[in-house]
Amino acid sequence: MRLAVAGATGNIGRLVTAGLKRDGHDVVGVSRALGVDLLTGAGLDDALTGVEAVIDVTNGPATARDEAVRFFGTATGNLLAAGRQAGVRHHVLLSIVGIHDVEGNAHYEGKREQERLVSEGPVPWTIVPATQFHDFAEMVVGWTERDGVATIAPLLVQPIAPADVAAVLIEVATGEPQGRYLDVAGPETQDLVDMARRTLHAHGRDVRLVPTWNALFGPSMAGNVLLPGENARIAPTTFDEWLAAGTGSPSAR
Ligand SMILES: NC(=O)c1ccc[n+]([C@@H]2O[C@H](COP(=O)([O-])OP(=O)(O)OC[C@H]3O[C@@H](n4cnc5c(N)ncnc54)[C@H](OP(=O)(O)O)[C@@H]3O)[C@@H](O)[C@H]2O)c1
């Protein structure tokens, strides 16, 4: 089967691309580094020629609401229009659990716009909402770290291994469109500050963490809002197993 991976050079995109190839599929990578820009549409029609399914794992700027909505709106609109033109029969979008219940998060506003366009769009679709990835805590630290100090909210999350997310996306994209898929999550709940501390320790990094609800994530993200709903699909890899495997360590990237 011929599939396109939008965001093929990213964290999840690389894993999805490798997994599809391992399974014998024909994969077209879509990213600016690969000569396709979803914001301008350059190279997109050629990339989607003969493609049956598109997996969208792109990511954009998360700093301001308008910027995030513009990025996801334009990129998704172009991807769907080109997909319809090319006769794509399944559009698979990776989204995030809980985004409809959180206010004031720019990235989530962009993802909501992306979900809206896909679910009202011209190509049969599946939206896969996933929880935060196992490497999320270290990524958040990287956003605010200055001179060895970083602020981070004590979010309650149920994180999932990037490789497990990729496996679900591959399974879904090679099947029939399903509309909104089950929430997909890892096996255990975690506190984001604790995850960050353990990841930094495992990676030999010395960063002082300051827990707060006054930085990037506010109180609307507290409580159970980021946890998967009932009947979620639970992926197998625990945070400890992922840390021990070292696949997210700087030397493994
Ligand atoms: N992090 C989490 O915990 C989490 C949890 C659930 C869901 N998600 C979702 O997962 C998705 C993927 O995240 P990720 O961490 O794998 O992303 P990532 O590593 O930041 O990769 C983003 C990809 O998008 C491509 N891209 C960016 N702008 C583009 C453009 N104008 N045209 C074409 N390609 C473009 C990038 O390639 P180029 O730079 O080469 O263009 C790259 O391949 C995101 O939508 C995020 O919302 C994340």
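The present account deals with the structure reproduced in this document. What you see is a predicted model, and the numbers here were worked out from it, not measured in a lab. (Residues numbered from 1 in each chain as written. Predicted model: local features only at pLDDT ≥ 70, side-chain atom pairs only at ≥ 80, totals over all residues. Heavy atoms only, no water.)

One finds Val-141, Ile-152, Leu-155, Leu-192, Leu-209 and Leu-226 to be the most contacted residues of the largest nonpolar core, which totals 28 residues. When residues of this core are traced back to their parent elements, those giving at least two are helix H5 (136-144), strand S6 (149-152), helix H7 (192-202) and helix H8 (239-245). Val-92, Ala-130, Val-172 and Val-184 belong to the second largest nonpolar core, which has 25 residues in total. (Core = buried A, V, L, I, M, F, W, Y, C linked by side-chain atoms within 4.5 Å. Buried < 20%, exposed > 50% of the residue type's maximum accessible area, 1.4 Å probe, protein only. Helix = DSSP H or I, 4+ residues; strand = E, 2+ residues; numbered from the N terminus.)

Attention now moves to the packing of aromatic side chains. Across all of its chains, the model carries 5 aromatic pairs by this definition. Ring centres of Trp-143 and Phe-217 lie 6.4 Å apart, and the angle between their planes is 70 degrees; on these two criteria the pair is classed as edge-to-face. Pair noted here: Trp-143 is in helix H5 and Phe-217 is in the loop between strand S11 (208-211) and strand S12 (233-234), with a separation of 74 residues, a long-range link. By relative accessible area, Trp-143 is classed as partly exposed at 41%. Judged by centre distance (5.9 Å) and plane angle (25 degrees), the rings of Phe-239 and Trp-242 are stacked. Linking Phe-239 with Trp-242, this pair stays in helix H8, spanning 3 residues, or about one helical turn. The pair formed by Phe-239 and Trp-242 is uniform in burial state, with each residue classed as buried. Aromatic rings pair up to connect Phe-136, Trp-143 and Phe-217 into one cluster. (Phe/Tyr/Trp six-rings, centres within 6.5 Å; stacked < 30°, edge-to-face > 60°.)

A few words on H5. Taken residue by residue, H5 has Phe-136, Ala-137, Glu-138, Val-140, Val-141 and Thr-144 as its buried positions. The secondary structure elements touched by the buried residues of H5 are S6, H7 and S11. (Contact = heavy atoms within 4.5 Å.)

A few words now on the site of the ligand. Residues in close proximity to the ligand total 28 residues, the closest being Thr-9, Asn-11, Arg-32, Thr-58 and Lys-111. Note that an oxygen atom of the ligand is positioned 3.2 Å from one of the backbone N or O atoms of Gly-7. Ile-12 is positioned such that a nitrogen or oxygen atom in its backbone is 3.0 Å from an oxygen atom of the ligand. A total of 920 Å² of accessible area belongs to the ligand in isolation, and the protein chains cover 88% of it. For the shell around the ligand, the leading source of residues is strand S4 (residues 90-96), giving 3 residues. Residue composition of the shell around the ligand, grouped by class: 14 nonpolar, 11 polar and 3 charged. (Near = heavy atom within 4 Å. Polar contact = N/O pair within 3.5 Å; in protein donor to acceptor, adjacent residues only side chain to side chain. Areas by Shrake-Rupley, 256 points an atom, 1.4 Å probe, with all protein chains shown as cover. Nonpolar A, V, L, I, M, F, W, Y, C, P; charged D, E, K, R; others polar.)

In the structure shown here, the tally under the stated rule is 15 salt bridges. We note a salt bridge from Glu-138 to Arg-205, for which the minimum N-O separation is 3.3 Å. You can see Glu-138 sitting in helix H5 and its partner Arg-205 sitting in the loop between H7 and S11, a full 67 residues away along the chain. For the salt bridge of Glu-171 with Arg-233, the shortest nitrogen-to-oxygen distance reads 2.9 Å. Here the residue Glu-171 occupies a position in helix H6 (residues 162-173), and Arg-233 occupies one in strand S12, the gap between them amounting to 62 residues. By relative accessible area, Arg-233 is classed as partly exposed at 25%. Within the structure, one salt-bridge network assembled from shared partners comprises Arg-65, Asp-66, Glu-103, Glu-109 and Arg-112. (Salt bridge = Lys/Arg side-chain N within 4 Å of Asp/Glu carboxyl O.)

Note that all results are geometric; they support no functional claim without further evidence.
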